Each structure stands twice: as C-alpha cells, then as structure tokens.
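A closer look at the structure
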Amino acid sequence: MIGYYVHHQGRGHLHRALCVARHTRTPVTGLSSLPRPDGWAGEWIHLPPDTGPGATAAADPTAHGRLHWVPRHHAGLRARSAAVAAWIERAAPSLLVSDVSVEIAVLARLMGVPVVVSAMRGDRSDPAHRLAYDLADALLAPWPAALPEPGWPPEWRAGTEHTGAFSRHDGRPRAERPVGAREVLLMLGAGGSALTGADARKAAEATPGWRWTVLGGPGGWADDPWPLLCRATVVVTHAGQNALAECAAARTPAVVVPQDRPHGEQLATARALAGAGLATVRERWPEPHEWPALLDTARRAGGDRWHLWAPGDGAARAARLLDHLAASPDDEKEPPCASR
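A brief report on the enclosed structure follows. (Residues numbered from 1 in each chain as written. Predicted model: local features only at pLDDT ≥ 70, side-chain atom pairs only at ≥ 80, totals over all residues. Heavy atoms only, no water.)

Observations regarding the sheet that holds strand E7 (residues 160-162)
For the record, the criterion: Note on pairing: DSSP must find at least two bridges between two strands before they are called paired. Starting at the N terminus, helices and strands are each numbered in turn, a helix being any DSSP run of H or I of at least four residues and a strand any DSSP run of E of at least two. Structural elements are reduced to axes, namely lines fitted to C-alpha atoms, with helices fitted over the stretch in contact, and the angle between N-to-C directions of any two is expressed from 0 to 180 degrees. Should any heavy atoms of two residues lie within 4.5 Å, those residues are counted as being in contact.
Read from one edge to the other, the open sheet built from 7 strands follows the order E3-E2-E1-E4-E5-E6-E7, with strand pairing classed as parallel. Strands at the two margins of the open sheet, each flanked by one partner only, are strand E3 (44-46) and E7. The average undirected angle you get between the axes of adjacent strands in this sheet is 20°. Alignment of strand E6 (residues 138-141) against E7, held across 3 bridges, turns out to be parallel. Directly across from Ala-141, in E7, lies its bridge partner His-162. Those strands touched by helix H11 (residues 314-327) are strand E1 (2-6), strand E4 (95-99), strand E5 (115-118), E6 and E7, and its axis lies near 170° from that of E6.

Description of the pattern of salt bridges
What counts here: What makes a salt bridge here is a side-chain nitrogen of Lys or Arg within 4 Å of a carboxyl oxygen of Asp or Glu, nothing more. A simple rule labels every residue: compare its accessible area, found with a 1.4 Å probe on the protein chains alone, to the largest value its type can have, and call it buried under 20%, exposed over 50%, or partly exposed in between.
Tallied over the full model, the rule gives 17 salt bridges. Between Glu-161 and Arg-317 there is a salt bridge, with its nearest N and O atoms 3.2 Å apart. On the criterion of sequence distance, the pair formed by Glu-161 in strand E7 and Arg-317 in helix H11 is long-range, its members being 156 residues apart. Residue Glu-161 is classed as partly exposed on the basis of its relative accessible area, which comes to 22%. Two residues, Arg-299 and Asp-296, come together in a salt bridge whose shortest N-O distance is 3.4 Å. You can see Arg-299 and its partner Asp-296 sitting in helix H10 (residues 291-301), 3 residues apart, about one turn around the helix. Through salt bridges with shared partners, one network takes in Arg-182, Asp-296 and Arg-299.

Description of the packing of helix H2 (residues 75-91) against helix H3 (residues 102-110)
Helix packing for two helices is described by the angle between their axes and how far apart those axes are. Worth spelling out the cut-off: Left-handed is the label given to a crossing in which the near helix is rotated counterclockwise from the far helix by less than a right angle, and right-handed is the label when the rotation is clockwise. Note that Gly is not counted as nonpolar here; it falls among the polar residues with everything else outside the nonpolar set of Ala, Val, Leu, Ile, Met, Phe, Trp, Tyr, Cys and Pro and the charged set of Asp, Glu, Lys and Arg.
Relative orientation of the contacting elements H2 and H3 amounts to 35°, with a least axis distance of 10 Å. Crossing angle aside, the handedness with which H2 passes H3 is right-handed. Between H2 and H3, the contacting residues are Ser-81, Val-84, Ala-85 and Ile-88 on the first element and Ile-104, Leu-107 and Ala-108 on the second. Split by residue class, the contact of H2 with H3 holds 6 nonpolar, 1 polar and no charged.

A look at the side chain of Gln-241
The condition that has to hold: Think of a polar contact as two N or O atoms within 3.5 Å of one another; within protein, one of them needs to be a possible hydrogen donor and the other a possible acceptor, and neighboring residues in sequence only count if both atoms come from side chains.
Inspection of the secondary structure assignment puts Gln-241 in helix H8 (residues 241-250). Of note is the side chain of Gln-241, whose polar atom sits 3.1 Å from the side chain of Arg-16.

Some points on the packing of aromatic side chains
Counted only if it meets this: Two rings from Phe, Tyr or Trp (for Trp, the six-membered ring) form a pair when their centres sit within 6.5 Å of each other. Planes less than 30 degrees apart are called stacked, planes more than 60 degrees apart edge-to-face, and all others tilted.
The full count for this structure, using the stated rule, is 7 aromatic pairs. Relative to Trp-44, the ring of Trp-40 lies with its centre 5.1 Å away and its plane at 75°, an arrangement referred to as edge-to-face. Of the two residues examined, Trp-40 and Trp-44, each falls in the buried class. Considering the side-chain rings of Trp-285 and Trp-291, the 5.0 Å spacing of their centres and the 55° angle between planes classify their relative orientation as tilted. Judged by its relative accessible area of 22%, Trp-285 is partly exposed. A residue is classified by how much of its surface remains accessible, and Trp-291, at 0% relative accessible area, is buried. Aromatic ring contacts, followed pair by pair, group Tyr-133, Trp-143, Trp-152 and Trp-156 into a single cluster.

Remarks on the nonpolar core
The condition that has to hold: Residues belong to one nonpolar core when they are buried, are Ala, Val, Leu, Ile, Met, Phe, Trp, Tyr or Cys, and are joined through side-chain atoms within 4.5 Å.
Core analysis: the largest hydrophobic core is formed by 60 residues, its most contacted members being Tyr-133, Leu-139, Leu-229, Val-256, Leu-273, Trp-306 and Trp-309. Looking at this core element by element, the count peaks at 7 residues for H8. The residues contacting Trp-306, other than those within four sequence positions of it, are Leu-244, Cys-247, Ala-248, Arg-251, Thr-252, Pro-253, Ala-254, Leu-273, Leu-278 and Ala-279.

Observations regarding the pairing of E4
This is how the line gets drawn: By the criterion used throughout, a crossover qualifies as right-handed when its path from the first strand across the helix to the second strand runs clockwise, the strands pointing away from the viewer.
Of all 5 residues making up E4, 5 are buried, and the element is well covered by its neighbours. By the alternation rule, side chains of E4 split into Leu-95, Val-97 and Asp-99 and Leu-96 and Ser-98, which are all buried. Looking at chain direction, E1 and E4 are connected through 5 bridges and run parallel. Along E4, the bridge assignment pairs Tyr-5 with Ser-98. Sheet analysis places E4 next to E5, joined by 3 bridges and oriented parallel. Note on E5: the bridge partner recorded for Leu-96 is Val-115. Note that the unit made of E4, H3 and E5 has a crossover that is right-handed.

Focus: the pairing of strand E2 (residues 28-32)
Judged by how many residues are buried, E2 sits mostly within the fold: 5 of 5 residues are covered. Burial along E2 is two-sided: Val-28, Gly-30 and Ser-32 facing one way and Thr-29 and Leu-31 facing the other are all buried. Here 4 bridges tie E1 to E2, and the two strands are oriented parallel to one another. Bridge pairing in E2 places Gly-3 opposite Thr-29. This β-α-β element, E1 to helix H1 (residues 12-21) to E2, shows right-handed connectivity. Note that E2 and E3 share 3 bridges and pair parallel. Its bridge partner being in E3, Leu-31 is matched across the sheet by Ile-45.

So, in structure tokens, the structure goes:
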C-alpha cells in the first residue's frame, strides 16, 4: 500500500496524484483536505483542515523556524496529524508520498514509513525543507534532468528521479490549430493570482488583432481546458508546475509571467524555461504596449520545444519508482545520501 498526501492549495498537487496513481501497480490511498476526486480508484482519507480560527494567531507556528506549519494547541492540526497517524497504524503502508508537506513527511518517517517527497524549484535551503529532502528515500522532480535546479547539494541530486513534467492531458489527441487565427488563452489556475480584471482588459485592448479568453482569476473556469489549450495560438500563464505541464502537453507557445510564491518557486521555474528557450518569459506583468511584440515573439517561436520539458511519460516514470520502492525490502532501499 502507498499513501499519497495531496496538498489542498490549487489543483496541481491533485492532478499529479491522479496521474501517478493511474499508473501504479500498488494500491494507492489518498490523504487530503480536498474532497475525493472523480476517477480516484483507491481509498481516500479526508483530513481535517489545519487552518482556521486561532491558527494564524498561534504562538510559534514554525517551531522556531524548524518547520513550516505547526501552530501550538490548534485542534485542527492535532486532528489532522492524528488522522494520518491512525491510517498509518491501520494500513501499515510500505511507502508514503508527500506532495507536499514537510510535516506529513516527517510524521510518516517518525512512524517508520519510507517517504518520497515531491520536490519543488526555488530556494529550499531553509531548515524545514532540508529536513524533508534529507530524510526522503527519493525526491520526485517533475522537470527534466537536463534543467536541474541550481544549488542543490549532491545528495539531493543523487536521490532524485527527474520525470519531466506531466499532466492529465498527456496522450490526448491534439486538434489542429485554426490557420491564421490569433487567439490568446490567459490561464491563471486555482492557486491564487495577483492579476486583476483590469490588467487582462488592458492587455486585450492593446492587441486588437487577437481574441483573448480568460480562465481562472478574474475570468471563468473550465474543468477541462484542453480544447482551449489546443485551439490557442499563444497561452499566457503563470509558472506553476501544473499549468506549464498542460501547456507543454498541448505544445502551445507560451508567455510565462511567474507569480510571487514562497521560496521563489515560480521565478526559478520561469528562469529555467527562459534559459532553455522553451517559453517567452517576463518576470513582471507586461505593460499594455509590450503585448503585441510579446505575442508575436511567442507565436513565431512555436511550441515544439516543449517536448524537452514534458516528454509524455513522466507519470509512468514516477509510478515505476513508487512501485519499486514500495516493493523493495528495507535493506534494498537506496537512501538519497550515499554517505549515510
């Protein structure tokens, strides 16, 4: 049995879990504050929230900077941790995947369960991330090995499976884009955005030859954006892992504007894309007069190089690693640090 912790922020963590669980041979149980998703085949443990009344006002929520979120005397945190521990005691899983919580990874390892941590870009040198990455039996990095995160210690790199990006759309047929069309899909997702409706409107007004569609943020929502992704001439999006994986699956040219996220995650991802020539990147939301040239630049660049970011088999590669670790005797599990 594999336990798979799914963080509730946005939808990228959930989409990754669904993709990987569909490929594993080992049964997978989901653990999350999110409701059970359609298509989840295994058990789903709904966890109490660890936020809410009293959490932000609690003293020392980071345990003197050693963890990320452990507010003192918070009933939700206590109930959440107890629910995970009770499931571990009952199910005796052979492996737990944390996507992503330092505290859940530590709790599982303290109970003797091997842990795989879903890695993220950006500066992860803080004590909490170092603890989780150091104790993990493996790190899953949904980006290509050819574009590593700079500054990682050698033991993290040695214990990392670089799967490349993957998404729920991998393998879906891509419709031909209308010849001569100039359509922009502004895709903001569910993880929060500082972009306003006025920002989007000004960009559209500055590019009268283009038709804009807005998903997320100030726009509408589509449970399945695939047809819009395939039809778009250019996607404008943030640098979240899931949004980029979906752009890459559709091979749609992109203008990427990273959002402000903890540890500089999206900025680091955007810089990797820019360095490899995979997308047109701006580190801030462009001024209206910049948009015509940006869209033309992205359109001319095309989307063929996205295969370097998302080869198409990332979820299957992640599942093979999880099956291997779940089936291996403890003395055959290779720790990420060769010196330990």
